[in-house]
Structure formats: structure tokens, C-alpha cells
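# Chain and residue survey
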Amino acid sequence: MSRLSIWLLSLFFPLVAGAQVNFGYFSYDEVLHSMPEYTMVEQNLNDLRTQYDAELKRAEDDFNKKYEEFLEGQKDYAPVILQKRQSELQELMTRNIAFKAEAQRLLAQATDDAFRPLREKILDAVEHVGEEKGLAFVLNTDGGTLPYINPLMGTNVTELVKELLK
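Bear in mind the structure is a predicted one, so any value in this text is a computation, not a measurement. (Residues numbered from 1 in each chain as written. Predicted model: local features only at pLDDT ≥ 70, side-chain atom pairs only at ≥ 80, totals over all residues. Heavy atoms only, no water.)

## Points about helix H3 (residues 36-73)
Because an α-helix completes one turn every 3.6 residues, residues spaced three or four positions apart along the sequence face the same direction. Convention followed: Strands here are runs of E lasting at least two residues and helices are runs of H or I lasting at least four, both read from the DSSP assignment and numbered beginning at the N terminus. Between the first and last residue of a helix there are one fewer steps than residues, each counted as 1.5 Å, and that sum is the expected span. The classification of residues rests on relative accessible area computed with a 1.4 Å probe and restricted to protein chains. Under 20% of the type maximum is buried, over 50% is exposed, and intermediate values are partly exposed. Every residue pair with non-hydrogen atoms within 4.5 Å of one another is taken to be in contact.
Given a rise of 1.5 Å per residue, 38 residues ought to cover 56 Å, and the 57 Å separating the end C-alpha atoms of H3 matches this to within 8%. Within H3, the full set of buried residues consists of Tyr38, Val41, Leu45, Tyr52, Ala59, Phe63, Phe70 and Gly73. Close packing links the buried residues of H3 with helix H2 (28-34) and helix H4 (79-133).

Below is the structure:
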């Protein structure tokens, strides 16, 4: 991301050096967290995360119980039964690991899906503000890629974007 920002700035540098270019900047995170929908999206994702965590805990408890039973009875089992129980435990552990990976994938997908409409709204609002203010471009100040912006040469449009999204 930072290399892209530097590259973009290097493209615009000759423009800035030759003429006054109006640009804007804003904090994407500040705008996102100020949106009314943000709290609801976060709550829904937390609820989903809680459901997955509860299922993972249940599966882990089930495995631990069966493993303890196995340890307690292993000296009394016939070799074939011992082997069968070991296979069952291995299969249960493999399924639990697969479920955990799938849950992480599904949570990541749900997060992306839940935030996509908010990202689109932000980008639309930034575009609207940029056009309205006649800005050549609008930069995102998050992530430390822009350590300094001269406020006399650029316009902080964070509040304008936030207002547009209310």
C-alpha cells in the first residue's frame, strides 16, 4: 500500500511543482467508525464469532472427554479396540481442525461481505466530496503512509465525508 501511495505521489509531483493542485485527505477509519451502520455490523459479526467460538469449545470439550475416557481405559482395551479408539480420536481431531479453519474462512468472508456496502458508501461519498470541492485526488491518511500533509496545500475532507454519510 505504501509503495502504491509513493508511486501515485511521484506521478502527481510534477503537477504540484508546476501548478497549484487541490487535493483532499481523510481518515478512512474515522469515517468508517462514525457511520451509523458500523455498530450494527460489528455486533452482527461479534454474534457470529460467538456462535463459532461456542461450537469450537463444544467440539474441543467433546474431544477432551473422549480422550480422557481413552486414557482411563486404554490398558484394558484389546489391541483392536485400542486401535479403533485411536483412529476415532484422530478422526475427531482432524474434523475439529478442519472446522476451525472453515470457521475462520467463513468469518473472514462474512466480515468482507458485511463491510463491503460500507466501503462502497465511503468511496461514493469521497468521490462526491472530491467532485464538489474540485479536488484532483483524495488521499487516505491511515496506515502511516502520509507522515506529513501541509494543511495549506490540501483540504481535510474527513468531516465533510462523515456528514455526507449521516
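## Structural notes on the side chain of Thr158
Relative to the helices and strands, Thr158 is located in helix H5 (residues 158-165). Discounting chain neighbours no more than four positions away, the residues touching Thr158 are Tyr25, Phe26, Ser27, Glu30 and Val31.

## Here's the deal with the pattern of salt bridges
Basically, it comes down to this: For this analysis, a salt bridge means a side-chain nitrogen from Lys or Arg found within 4 Å of a carboxyl oxygen belonging to Asp or Glu.
Summed over all chains, the structure comprises 12 salt bridges. One salt bridge connects Asp112 with Arg119, and the closest N-O pair in it is separated by 2.9 Å. Overall, Asp112 belongs to the partly exposed group, its relative accessible area being 29%. The shortest N-O distance in the salt bridge between Lys162 and Glu159 comes to 3.2 Å. A residue pair is termed a helical-turn pair when its members lie 3 or 4 positions apart in one helix, as Lys162 and Glu159 do in helix H5 at three residues. Under the relative-accessibility criterion, Lys162 is labelled buried at 14%. Since its relative accessible area comes to 45%, Glu159 is described here as partly exposed. One network of salt bridges, with partners in common, ties together Asp112, Asp113, Arg116 and Arg119.

## Observations concerning the packing of H3 against H4
How we decide: Lines are fitted to the C-alpha atoms to define the axes, a helix being fitted only along its stretch in contact, and any angle between axes, read from their N-to-C directions, falls within 0 to 180 degrees. Our angle categories are set so that under 35 degrees counts as roughly parallel, over 145 as roughly antiparallel, 65 to 115 as roughly perpendicular, and the remainder as oblique. Residue polarity follows a fixed list, in which Ala, Val, Leu, Ile, Met, Phe, Trp, Tyr, Cys and Pro are nonpolar, Asp, Glu, Lys and Arg are charged, and the others, Gly among them, are polar.
Where H3 contacts H4, the axes come no closer than 10 Å and their chain directions differ by 175 degrees. For the element pair H3 / H4, the angle class is roughly antiparallel. Here the contact of H3 with H4 is built from residues that sort into 22 nonpolar, three polar and 10 charged.

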